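Next come the chains, spelled out residue by residue.
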Amino acid sequence: MKKILIVANWKMHLDTHEASLLLHRLSQRIKVHRDIEVVLAPSVLSLQPLSLEIDRRKFRLSAQDAYFKDEGPYTGEVSFSMLRELVHYCLIGHSGRRVYFGESLEMVRDKVQAAVRNGIVPILCIGETKEERNMGETKQVIHDKLTSALSNLTAEDIQDIVIAYEPIWAISTFEGEVAKPDDMAKAIKYIRYQIKELYGPVAARDVRVLYGGSVDDHDARAYLALDGCDGVLVGAASLNYHQFSAIVDSAYKLLSERTNSKS
Ligand code: PEP
């Protein structure tokens, strides 16, 4: 059985002291569960100190981004090879990178390849803008972002990676437009269909697909329960330890209900 994956993207929030405090509070609340994996993505500055503090039975670390070259004159950048001892995962192609830093399809592709080359599992983020959605281009965007990002990987590489479906129009819109779980289920199904077309049924079955976009403690369960959804990527709500631990609790509850209904 695949583990439920719950990823906290702390974005550009929390200095090292605040990050350490949040980790401490989460550690007090979150229990070890063999079928749930909780991943924390703090700023790059906090990765080193947190890596010394985390209980590895409860948490794994993720970077929020890295550069695709292993070394060179790329002032200000951090490479995947520098992160390989520190993190298990790295977010790649997050809309924050694509929108604010103009990250291209080619750059996302090279980053995915560099992550895999360095033994770091990519959490590839894909999703459409509001305009693309209104124009009925959601599937086309998913197709294009997926095929280009994965184009240098083998079917075996694909089996291990994580894809986060994050419609850009649904990110941090808590009071605004909310993504309907049924629509998200369709998008997730389409992602797996594309993986199957490109890399075969084993890769399509094994690849983990998450939903992300304004997930909080009230709606996490609805997304986690979706067919084919292996977890959630949480931004704003992950900065609040009450809310984030309640999201992890919804995963515990879902799993125990599933186990009880089988017995
Ligand atoms: C994110 O950062 O990937 C995200 C989905 O943010 P939020 O939960 O705030 O929408």
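Parameters at a glance
Residues numbered from 1 in each chain as written. Predicted model: local features only at pLDDT ≥ 70, side-chain atom pairs only at ≥ 80, totals over all residues. Heavy atoms only, no water. Phe/Tyr/Trp six-rings, centres within 6.5 Å; stacked < 30°, edge-to-face > 60°. Helix = DSSP H or I, 4+ residues; strand = E, 2+ residues; numbered from the N terminus. Buried < 20%, exposed > 50% of the residue type's maximum accessible area, 1.4 Å probe, protein only. Lys NZ or Arg CZ within 6 Å of the ring centre and 35° of its normal. Axes fitted to C-alpha atoms, helices over the stretch in contact; angles between N-to-C directions. Parallel < 35°, antiparallel > 145°, perpendicular 65-115°, else oblique. Left-handed = near helix turned anticlockwise from the far one by under 90°. Contact = heavy atoms within 4.5 Å. Nonpolar A, V, L, I, M, F, W, Y, C, P; charged D, E, K, R; others polar. Expected span 1.5 Å × (residues − 1).

A. Focus on the packing of aromatic side chains. Under the definition given, this model contains 4 aromatic pairs. Ring centres of Tyr211 and Tyr223 lie 4.3 Å apart, and the angle between their planes is 25 degrees; on these two criteria the pair is classed as stacked. With Tyr211 in strand S7 (residues 208–212) and Tyr223 in helix H11 (residues 220–224), this residue pair connects regions lying 12 residues apart in the sequence. For the pair formed by Tyr211 and Tyr223, the shared burial category is buried. Three or more aromatic residues link up through ring pairs in this structure, and these residues are Tyr67, Phe68 and Tyr74. When the ring centre of Phe101 is taken as origin, the NZ or CZ atom of Arg97, which lies over that ring, is 4.2 Å away. Directly above the aromatic system of Trp169 lies the positively charged group of Arg133, at a separation of 3.8 Å from the ring centroid.

B. A look at the packing of helix H5 (residues 105–117) against helix H7 (residues 138–150). Viewed as axis vectors pointing N to C, H5 and H7 meet at an angle of 45 degrees, and their least axial separation amounts to 7 Å. Relative to H7, the element H5 lies oblique. For the crossing formed where H5 meets H7, the hand is right-handed. For the pair H5 and H7, contact is made by Leu105, Val108, Arg109 and Val112 and by Lys145, Ser148 and Ala149, respectively. Here the residues of the contact of H5 with H7 are counted per class, giving 4 nonpolar, 1 polar and 2 charged.

C. Summary view of the environment of Tyr165. Tracing the chain through its elements places Tyr165 in strand S6 (residues 162–165). Its relative accessible area of 1% is what places Tyr165 among the buried residues. Spatially, the C-alpha atom of Tyr165 lies 26 Å from that of Leu45, the residues being 120 residues apart in sequence. Tyr165 has contacts with Ile126, Gly127, Glu128, Thr138, Ile142, Met184, Ala187, Ile191, Leu210, Tyr211 and Gly212, leaving out every residue within four places of it along the chain.

D. Broad picture of H7. The end-to-end C-alpha distance of H7 is 18 Å, a good match for the 18 Å that 13 residues give at a rise of 1.5 Å each. Among the residues making up H7, those that are buried are Thr138, Val141, Ile142, Lys145, Leu146, Ser148, Ala149 and Leu150.

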